[in-house]
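# Chains, contacts and geometry: an overview
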Amino acid sequence: MPKHTESPTPKAPNASPAAHRCGYVALIGRPNAGKSTLLNAVLGQKVAIVTHKPQTTRDRLLAIHTTPQYQMIFLDTPGVHRPVGKLGRYMNEAAYGALREADVTVWLIDMHDRNRADGLTTPERALLQRIADRRNPVIAVLNKIDLLRDKQRLLPIMAELAAHNLGDCLLPLSAKTQDGLPVLLDEIQARLPEGPAVFPDDIVSDKADKYFVSELVREAITLQTDKEVPYKTAVVIDRYVEEQRRTVIHATIFVERDSQKGIMIGKGGQRLVQIGTAARAQIEAMLGTPVTLHLHVNVAPNWTADPAKLREMGYQ
Ligand SMILES: Nc1nc2c(ncn2[C@@H]2O[C@H](COP(=O)(O)OP(=O)(O)OP(=O)(O)O)[C@@H](O)[C@H]2O)c(=O)[nH]1
Ligand SMILES: [Mg+2]
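Of all six residues that make up strand β2 (residues 61-66), five are buried, and the element is covered over most of its length. For β2 and strand β3 (residues 70-76), the ladder comprises six bridges, and the chain directions are antiparallel. Counterpart to L61 in the pairing with β3 is D76. Between β2 and β3, which pair antiparallel one after the other, the connecting turn spans three residues.

Take a look at the structure:
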């Protein structure tokens, strides 16, 4: 998670050399394709939470990779999926919005998707239509090649993408091992518009520490609960006090039903303690200070279906 997370004010255009490039890069794909893993790999630090479960990312996350030659403003997005309720639609819209905004689209395709026969899956074909409708450059990343024993399996997908005019840049890659990452950065750079940096070079994200804290709690919950619980959970930071040598944080975990609250707390409060311990370790690593983390669990009936409640949970 980034050390510099104050909300940045975009810089006024400056007198960078003409060859300097800057632009928005959307990371788009189905849930679990590896978008957030790729973002963290590019930035060399944990900015986005990652789990093995689909629909981990809930909202658009802006994160910035700056070098002397270029500034890439990445938009990590929720995986495009068949939406359930208002939250699902909100998540898809966040992805489509980033797609519209971006100068370059990086489409991640999960080569380890169990639903794949040959070529693209049916949901990927639906996404292809959306992506192909855009005029901006598209880089198709065939991700998780570290898990792919038979590299021939890349070929039908490459042929299908080429048949839809998306064959300009097809990159087999592993976000996990970072195999192929330098080539990807070169290809993105080549497609960015020329222009000066938009953000100061020490800014990594447009989100404040509080946001990353709530995400790290949600990551711990997603890893330690099952079935529908992670998908019905939101985390809201109630108090955030930076003392001289310690950060004291109070957060409320919202679920939709009493039964989910019971699961979250666990027998004798054990699961909540485990969630708190895991989250605190991550938060301390991010903030670089000791942390006291107080977690409370509350029921907000049907919050994933209610636009006003979604806003209260920070999804707006
Ligand atoms: N083996 C392997 N696993 C990967 C790779 N990239 C991502 N993963 C794993 O795939 C899972 C999903 O990764 P995420 O980065 O959360 O995927 P995402 O596209 O952001 O998913 P959503 O936020 O749900 O849309 C995690 O368990 C990652 O560790 C890869 O290149 N190789
Ligand atoms: Mg993600």
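Having put the structure on the table, let's press on.
Spatial strand order, β7-β8-β9: three strands in an open sheet with mixed pairing. Edge positions in the sheet fall to β7 (234-242) and β9 (291-299), since each of these pairs with one other strand and no more. Put simply, the sheet's adjacent strands are angled 15° from each other on average, direction ignored. Strand direction decides the pairing type here: strand β8 (residues 247-255) and β9, joined by nine bridges, are parallel. From the neighbouring strand, H250 faces β9, where its bridge partner is H294. Packing against the sheet, helix α6 (residues 209-224) makes contact with β7, β8 and β9, and its axis sits at approximately 130° to β7. Its contacts with the sheet put helix α8 (residues 270-287) on β7, β8 and β9, and the angle it makes with β9 is roughly 135°.

Conventions adopted
- Residues numbered from 1 in each chain as written.
- Chains lettered and ligands numbered in written order.
- Predicted model: local features only at pLDDT ≥ 70, side-chain atom pairs only at ≥ 80, totals over all residues.
- Heavy atoms only, no water.
- Buried < 20%, exposed > 50% of the residue type's maximum accessible area, 1.4 Å probe, protein only.
- Helix = DSSP H or I, 4+ residues; strand = E, 2+ residues; numbered from the N terminus.
- Pairing = 2+ DSSP bridges.
- Axes fitted to C-alpha atoms, helices over the stretch in contact; angles between N-to-C directions.
- Contact = heavy atoms within 4.5 Å.

What is shown is where atoms sit, not what they do.
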